[in-house]
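Tertiary structure, described
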Amino acid sequence: MADSLFEDILGMLGQKGVDEVARKAGTDTQQTQAASAAAVAALLKGLANNAGSQQGAADLLEALKRDHWNFDAHQAPAQIQKSDPSLTANILGHIFGKKQEKVERQLGKATGVGQGNMGKILASLAPVVLGMLANRSKQGNVQSGPDLSKWIGQQTTQMKESHKDLGFLESMLASDHDGDVEIGDFAGVIGKFMGGSN
C-alpha cells in the first residue's frame, strides 16, 4: 500500500522541519517530534471533516487553488522558517472551529508541550499541511469539491487504519463530542517517519 498523505508529510518534514517547528515553538526536539505528528494528523482530520459537506469541500478546494496550488514540497522546512504563527493562527479557526481550544489543550497535554506551544506548532504546520494537500490534489487531478472530499476521506481512513493510536481523533473532532478523549502514545508513529530523517 502506498504511503498516505499523513506519512508523506511526516517524511517530507524530516528532522530539519521538526527543528524549525521546535525553534518557532520554543520546545525541545523530542517533544516537538511527537507534537508534530499529532498536529499533522489532527489538521488532516479537521480538513477532512470540513470537506465532508458539499460547500465545505468546494470552499477548501477554492482556498487550495488560490493560496497553495504551487506549493513546493521540497521547501517545507524553509516554509516553516518563514512562517509567522501569529499570522497563520487564524487558519486553525477555519479548520477546527469551536474545537480549536480543545485540540490544542489535549494534544499539548498528551505530547508534553502544553496548550500554548501546541497552538504554535499547529499554526506552524497548518500552511505546510495545506500546501501538501494542494500538491497531492494537483498531482491527482482533483478538479471538484466531491473529488476532494472523496480523496481526503480516503487519506484519513488510510491514516487511521495504518496507525491505530490515532483513532482518538474521530471522537476529539466529532461535532457532538464535547468531553476529553483518551489519547495514546505517538512514539510508534514518529519513530518510523521522523527518526533520523534529514
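Preceding this paragraph is the structure being described.
Each value, and the rule that gives it
Residues numbered from 1 in each chain as written. Predicted model: local features only at pLDDT ≥ 70, side-chain atom pairs only at ≥ 80, totals over all residues. Heavy atoms only, no water. Phe/Tyr/Trp six-rings, centres within 6.5 Å; stacked < 30°, edge-to-face > 60°. Lys NZ or Arg CZ within 6 Å of the ring centre and 35° of its normal. 1 Å grid on protein atoms, 1.4 Å probe; cavity = no way out; pocket = protein on both sides within 12 Å on 5 of 7 lines; lining within 4 Å. Points joined across faces, edges and corners; volume = space filled by probe spheres on them. Helix = DSSP H or I, 4+ residues; strand = E, 2+ residues; numbered from the N terminus. Nonpolar A, V, L, I, M, F, W, Y, C, P; charged D, E, K, R; others polar. Expected span 1.5 Å × (residues − 1). Bend = angle between axes of the 7 residues up to and from the residue. Buried < 20%, exposed > 50% of the residue type's maximum accessible area, 1.4 Å probe, protein only. Salt bridge = Lys/Arg side-chain N within 4 Å of Asp/Glu carboxyl O.

Evaluated as defined, the whole model comprises zero aromatic pairs. A cation over a ring is seen here: K65 above W69, with NZ or CZ 5.7 Å from the ring centre.

With that settled, consider the layout of surface pockets. Taken as a whole, the largest pocket encloses approximately 500 Å³ of empty space. Elements represented by at least two residues in the lining of the largest pocket include exactly α2 (29–50), α3 (54–67), α4 (76–82), α5 (85–96) and α7 (115–139). Looking at the lining of the largest pocket residue by residue, the classes come out as nine nonpolar, seven polar and four charged.

All right, on to the environment of K109 then. One can find K109 in helix α6 (residues 100–111). Distance from K109 to A35, taken between C-alpha atoms, is 9.8 Å for residues 74 residues apart in sequence.

Here we come to helix α1 (residues 5–25). The terminal C-alpha atoms of α1 lie 24 Å apart, and with 21 residues this falls more than 12% below the ideal 30 Å at 1.5 Å per residue. The axis of α1 is deflected most strongly, by about 85°, at G14. The buried count for α1 comes to 15 of 21 residues, which makes it a mostly enclosed element. One or two steps after α1, the chain reaches G26, where phi turns positive at roughly 75°.

Under the defined criterion, the tally for this structure stands at four salt bridges. Across the pair R23 and E20 runs a salt bridge, and its minimum N-O distance is 3.1 Å. Of this pair, R23 and E20 both sit in helix α1, three residues apart, which is roughly one turn of the helix. Given the relative accessible area of 16%, E20 is considered buried. Of the charged contacts, one joins R105 and E101 as a salt bridge, the two residues approaching to 3.2 Å between their closest N and O atoms. One end of the pair is R105 and the other is E101, both in helix α6 and four residues apart, which spans about a single turn. R105 gets classed as partly exposed once you look at its relative accessible area, which sits at 28%. Looking at E101, the relative accessible area reads 40%, which means it is partly exposed.

Geometric values such as these leave the question of function open.
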